[in-house]
Amino acid sequence: MVTPQATTEPDPILVVDGLTGGFGRTGESPQVLRDVSFQIPRGRLSAIVGETGSGKSITALSVIGLAPAGFTRTRGSIGFEGRDLAGLDDRQYQAIRGSRIAMVFQDARASLNPTFSIGYQLAATIRRHTGVSRSAARAAAEEALVGVRIPDVKRRMKQYPHQFSGGMAQRVALALALSCRPNLLLLDEPTTGLDATIQADVMDLIVELSERDGLSVCLITHDLGVVGQHCDHVVVMRSGRVVERADARDLFESPRHPYTRQLLAASELGGHA
Amino acid sequence: MPSPGAGSAGQVEGAANSGPILRVDGVTMRFKVAGNRQLTAVDNVVLEVHAGESVALVGESGSGKSTLARCLVSLLEPTAGVVSLDGRQVSGLRGAARRRVYQDIQLVFQDTNGSLNPRWTVRSILDEPLRAYSDRDPGQRDTRVRELMRQVELDESLLTRRPAELSGGQRQRVGLARALAVEPKVLVLDEPTASLDLSTRGQVLDLIGRIQRETGLACVLISHDLPVVRHIADRVFVMYLGTIVESGPTEEVFRRPVHPYTRALVAAAPVARYRAPRDDYRLRGEIPSAMDLPSGCLLAGRCPSAIPSCFEVRPHLVHIGAIGSGRMAACPVSAAAIASAPVPSAPAR
């Protein structure tokens, strides 16, 4: 396996450049993103790593055009497939969100509607994005669930979110996100709240899907274990700034920023090598 | 670095009897569920904790660790079995006798948002157990509240704040201070760091370690975070579907797990290194419901090492002398493998 250099990715899928913004009318009080720049390589797994308040989530939400009301971007661009997403209005974004860039949110069960069956939700989403017939959408929904290794799909289609365990709900959320064949998938803390044994299964699935479909994946996480195991490129954020960008191997083996070193030490709790 | 097993005894001076401070003998907790069925959350658990010692209960969600914790602090009355504190039986007590027990064993809750009254100030939160459990006058209580704040390394200026005005780490420290207020002998910590950021997690753990060294407190840690367990616990008990499947000194259990469930847990724990070599030992599927449990080994359906007999007989926890003292596991298949040949240990992490 060749590990390409991170800093000059030949053909990145996403280029965030100088993203700056904050809350308040001027976007400056308080400022939560300060000159955030990074690139996400195509067809591989990357991660944005940071703790609470680092700005990692708001960066990801800005990329799919869901930054919270009250957040104002004052500067910067989000380059994706040859356009700057930062300038798009809500309607223009709808053509991109879901179909080109999809996001799975942290609490998978909370992002599913408890009052509709899983099959109905999936099919409705597929119809909304592709305009296919009901029966075709249903078939595509079944296929999507099979694709994320959910057993007994016919029965599962009729079930409701509360009948799914955390790991299974995470798979459904993945199926939902992948159902419209996006090129870039953002995963917000995909394994938080799942048991380690289930985490490993979910991550294996994500890696497999990425390899099979050439999908570019960006994890938003604080779990350096998952990052070290699976990611190729890492962006470390703190207090709204990018403090380090590196290939995963370099980041873990020779971290340059003191904060990165601190995070690595904190993950291992003094280390048990 | 805690030396497993050995460091525990000498720390508390004049511990009247050298017996365990906390004894759990055959504790079982069953719940009635709709349809006249039963859910066995904790099944015949036996464990002992000595003064100054830290033990951890680990397992996936649904393994019964939190239910057991609630039995330990008498928030739940076990269906069967006995919990004893310092030689006194705790289960079945009522009224004043039970209240005395609460002073000896305290629980730090996982969710600080749900366990601290949002309308109270930090001062009232810390003052409440003192009013309830001591006859200190207001001045003495105030002194004690300040002492507690120092103990958990919080600034006194936070006394007038409410939980929502604190960070996650600060709230966890307040929860800890409240538990310490009545000077318990045993502290039960239910996922104390689950909601904390990485850097805060380390600080809170160091604080717990320091308080333990200073006070000779025994700790029962409930966690699924293996690095946290390794950091704190002298001994570990691995739970699966309400039963203990393996126990022993933490480092030894994690370095050389015997039970397939422990091995899978250790294998699945992510290590913050680039492509850390890992053991590919995986369980199939997810933890089943604690209702209608099979008659054989509870793990058999998910276990990569299962043989036909595993589905018939439920194995008991037995000593595995071949790999050191204090090791127990409930897996005859692995035990036989160890007895016949030295098992390759899990890759060093």
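The shown structure was predicted, so the numbers you read here are calculated from the model rather than taken from an experiment.

**Some points on the overall build of chain B**
Moving on, step 1. Scanning chain B from N- to C-terminus turns up 11 helices and 12 strands.
Moving on, step 2. Relative to the compact-globule value of 20 Å for 349 residues, chain B shows a C-alpha radius of gyration of 21 Å, a close match.
Moving on, step 3. If you line up chain B on its principal axes, its C-alpha atoms span 65 × 50 × 45 Å.
Moving on, step 4. Here chain B, with 349 residues, has 51% of them falling under the buried criterion.
Moving on, step 5. Summarising the internal contacts of chain B: among those between residues at least 6 apart in sequence, 65% fall at separations of at least 24.
Moving on, step 6. Of the roughly 15,300 Å² of accessible surface on chain B, 51% is carried by carbon and sulfur atoms.
Moving on, step 7. Charge centroids of chain B, computed over 42 positive and 36 negative side chains, lie 3 Å from each other.

**Examining the overall build of chain A**
Moving on, step 1. In terms of regular secondary structure, chain A is built from 10 helices and 10 strands.
Moving on, step 2. Rg of the C-alpha trace for chain A: 19 Å, near the compact-globule value of 19 Å for 273 residues, within the 12% margin.
Moving on, step 3. The principal-axis extents of the C-alpha atoms in chain A amount to approximately 55 × 50 × 35 Å.
Moving on, step 4. Evaluated residue by residue, chain A yields a buried proportion of 54% over its 273 residues.
Moving on, step 5. Put simply, 68% of the contacts in chain A that link residues at least 6 apart link residues at least 24 apart.

**Considering unusual backbone geometry**
Moving on, step 1. Despite not being glycine, Glu81(A) has its phi angle at roughly 50°, a positive value.
Moving on, step 2. You can see Glu81(A) is positioned in the loop between β4 (72-80) and β5 (83-84).
Moving on, step 3. The backbone phi angle of Ser74(B) is positive, close to 65°, even though this residue is not glycine.
Moving on, step 4. If you trace the backbone, Ser74(B) turns up in the loop between α1 (65-72) and β4 (80-85).
Moving on, step 5. For Ser74(B), a relative accessible area of 7% translates into the label buried.

**Notes on the interface of chain A and chain B**
Moving on, step 1. The interface of chain A with chain B comprises 37 residues on the first partner and 33 residues on the second.
Moving on, step 2. Applying the counting criterion to the chain A and chain B interface returns four salt bridges.
Moving on, step 3. The partner of Glu268(A) in a salt bridge is Arg273(B), and the shortest N-O contact between them spans 3.6 Å.
Moving on, step 4. There are 16 residue pairs in polar contact (both at pLDDT 80 or more) connecting chain A and chain B.
Moving on, step 5. At the level of elements, α6 (166-178), α7 (196-213), α8 (224-230), α9 (248-253) and α10 (258-268) of chain A are the ones that each hand at least two residues to the side of chain A that touches chain B.
Moving on, step 6. Its residues assigned to classes, the side of chain A that touches chain B shows 15 nonpolar, 13 polar and nine charged.

**Quick notes on the sheet that holds strand β11 (residues 318-319) of chain B**
All names here are of chain B.
Moving on, step 1. Taken in spatial order, the eight strands make up an open sheet running β6-β7-β8-β3-β9-β10-β12-β11, and their pairing is mixed. Single-partner strands in this sheet number two, and they are β6 (105-108) and β11.
Moving on, step 2. Where strand β3 (residues 54-58) lies against strand β9 (residues 235-240), four bridges are found, and the strand directions are parallel. Across the sheet, residue Leu57 finds its bridge partner in β9, namely Phe237.

**Topic: the confidence of the model for chain B**
Moving on, step 1. Per-chain confidence: chain B averages 88 in pLDDT, with 92% of residues scoring 70 or above.
Moving on, step 2. Two numbers describe this predicted complex: its pTM, 0.86, and its ipTM, 0.81.

**Structural notes on empty space enclosed by the protein**
All names here are of chain A.
Moving on, step 1. Using the criterion set out here, one finds three cavities of 30 Å³ or more in the structure.
Moving on, step 2. Estimated volume of the largest cavity: approximately 70 Å³.
Moving on, step 3. For the lining of the largest cavity, the secondary-structure elements that each account for two or more residues are α7 and α8.
Moving on, step 4. Looking at the lining of the largest cavity, the element that brings in the most residues is α7, giving five residues.
Moving on, step 5. If you go around the second largest cavity, the residues you meet are Leu14, Phe38, Ile40, Ile48, Thr59, Ala60, Val63, Leu186, Cys218 and Ile220.
Moving on, step 6. Contributions of two or more residues to the lining of the second largest cavity are made by β2 (31-40), α1 (56-63) and β8 (216-221).
Moving on, step 7. A total of three residues in the lining of the second largest cavity trace back to one element, the largest contributor, which is α1.

**Some points on the nonpolar core**
Nonpolar side chains in soluble globular proteins tend to be buried together.
Moving on, step 1. Ranked by internal contacts, the top residues of the largest apolar core, which has 61 residues, are Leu176(B) and Leu187(B).
Moving on, step 2. For Leu176(B), the residues in contact, after removing those within four places along its chain, are Val108(B), Val152(B), Leu187(B), Leu189(B), Leu207(B), Ile208(B) and Ile211(B).
Moving on, step 3. By size, the runner-up hydrophobic cluster in this structure holds 58 residues, among which are Val104(A), Val172(A), Ile198(A) and Leu263(A).

**A closer look at the packing of aromatic side chains**
Aromatic ring pairs: the centre-centre distance and the angle between the two ring planes describe each pair.
Residues and elements named next belong to chain A.
Moving on, step 1. Applying the stated rule across the entire model yields three aromatic pairs over all chains.
Moving on, step 2. Measuring from ring centre to ring centre gives 5.9 Å for Phe23 and Phe71, while their planes differ by 75°; the resulting arrangement is edge-to-face. Of this pair, Phe23 sits in the loop between β1 (14-22) and β2 while Phe71 sits in the loop between α1 and β4, placing them 48 residues apart in sequence.
Moving on, step 3. With a relative accessible area of 25%, Phe23 lands in the partly exposed category.
Moving on, step 4. A cation sits over an aromatic face here: Arg156 above Phe164, 4.4 Å from the ring centre.

**Structural notes on helix α10 (residues 260-268) of chain B**
Side chains of residues three or four places apart in an α-helix project in the same direction, reflecting 3.6 residues per turn.
Moving on, step 1. The buried count for α10(B) comes to eight of nine residues, which makes it a mostly enclosed element.
Moving on, step 2. Turning to α10(B), its buried residues number three or more, namely Pro260(B), Tyr261(B), Thr262(B), Ala264(B), Leu265(B), Val266(B), Ala267(B) and Ala268(B).

**Describing the pattern of salt bridges**
Moving on, step 1. The final tally for this structure, using the stated rule, is 43 salt bridges over all chains.
Moving on, step 2. Arg44(A) is paired through a salt bridge with Asp232(A); the nearest N and O atoms lie 3.9 Å apart. Taken as a pair, Arg44(A) in the loop between β2 and β3 (45-49) and Asp232(A) in the loop between α8 and β9 (233-238) lie far apart in primary sequence, 188 residues in all.
Moving on, step 3. For Arg97(A), the salt bridge goes to Asp90(A), with nearest N and O atoms at 4.0 Å.
Moving on, step 4. Residue classification places Asp90(A) among the exposed positions, given a relative accessible area of 51%.
Moving on, step 5. Here the salt bridges share partners, and the residues they tie into one network are Arg123(B), Asp142(B), Arg146(B), Arg150(B) and Glu156(B).

**Describing the side chain of Arg173(B)**
Moving on, step 1. Relative to the helices and strands, Arg173(B) resides in helix α6 (residues 168-180).
Moving on, step 2. Separated by 2.9 Å, the side chain of Arg173(B) and the backbone oxygen of Val152(B) make a polar contact.

**What about the sheet that holds strand β6 (residues 101-104) of chain A?**
Residues and elements named next belong to chain A.
Moving on, step 1. If you trace the six strands from one edge of the open sheet to the other, you get β6-β7-β8-β3-β9-β10, paired in mixed fashion. The strands lining the two open edges of the sheet, one partner per strand, are β6 and β10 (241-247). Between one strand and the next, the sheet's axes are offset by a mean angle of 15°, whatever the strand orientation.
Moving on, step 2. By the bridge criterion, four bridges tie β6 to strand β7 (residues 184-188) in an arrangement that is parallel. Within β7, the residue paired with Val104 across the bridge is Leu187.
Moving on, step 3. Relative to β6, α6 is tilted by about 170°, and along the sheet it contacts β6 and β7.
Moving on, step 4. Sitting on the sheet, α10 is in contact with β3, β9 and β10, with an inclination near 100° to β9.

What counts as what
- Residues numbered from 1 in each chain as written.
- Chains lettered and ligands numbered in written order.
- Predicted model: local features only at pLDDT ≥ 70, side-chain atom pairs only at ≥ 80, totals over all residues.
- Heavy atoms only, no water.
- Helix = DSSP H or I, 4+ residues; strand = E, 2+ residues; numbered from the N terminus.
- Rg over C-alpha atoms; globule rule 2.2 N^0.38 Å.
- Buried < 20%, exposed > 50% of the residue type's maximum accessible area, 1.4 Å probe, protein only.
- Contact = heavy atoms within 4.5 Å.
- Areas by Shrake-Rupley, 256 points an atom, 1.4 Å probe, with all protein chains shown as cover.
- Lys, Arg positive; Asp, Glu negative; His and termini not counted.
- Charge placed at Lys NZ, Arg CZ, Asp CG, Glu CD.
- Salt bridge = Lys/Arg side-chain N within 4 Å of Asp/Glu carboxyl O.
- Polar contact = N/O pair within 3.5 Å; in protein donor to acceptor, adjacent residues only side chain to side chain.
- Nonpolar A, V, L, I, M, F, W, Y, C, P; charged D, E, K, R; others polar.
- Pairing = 2+ DSSP bridges.
- pLDDT = per-residue confidence, 0-100.
- 1 Å grid on protein atoms, 1.4 Å probe; cavity = no way out; pocket = protein on both sides within 12 Å on 5 of 7 lines; lining within 4 Å.
- Points joined across faces, edges and corners; volume = space filled by probe spheres on them.
- Core = buried A, V, L, I, M, F, W, Y, C linked by side-chain atoms within 4.5 Å.
- Phe/Tyr/Trp six-rings, centres within 6.5 Å; stacked < 30°, edge-to-face > 60°.
- Lys NZ or Arg CZ within 6 Å of the ring centre and 35° of its normal.
- Axes fitted to C-alpha atoms, helices over the stretch in contact; angles between N-to-C directions.

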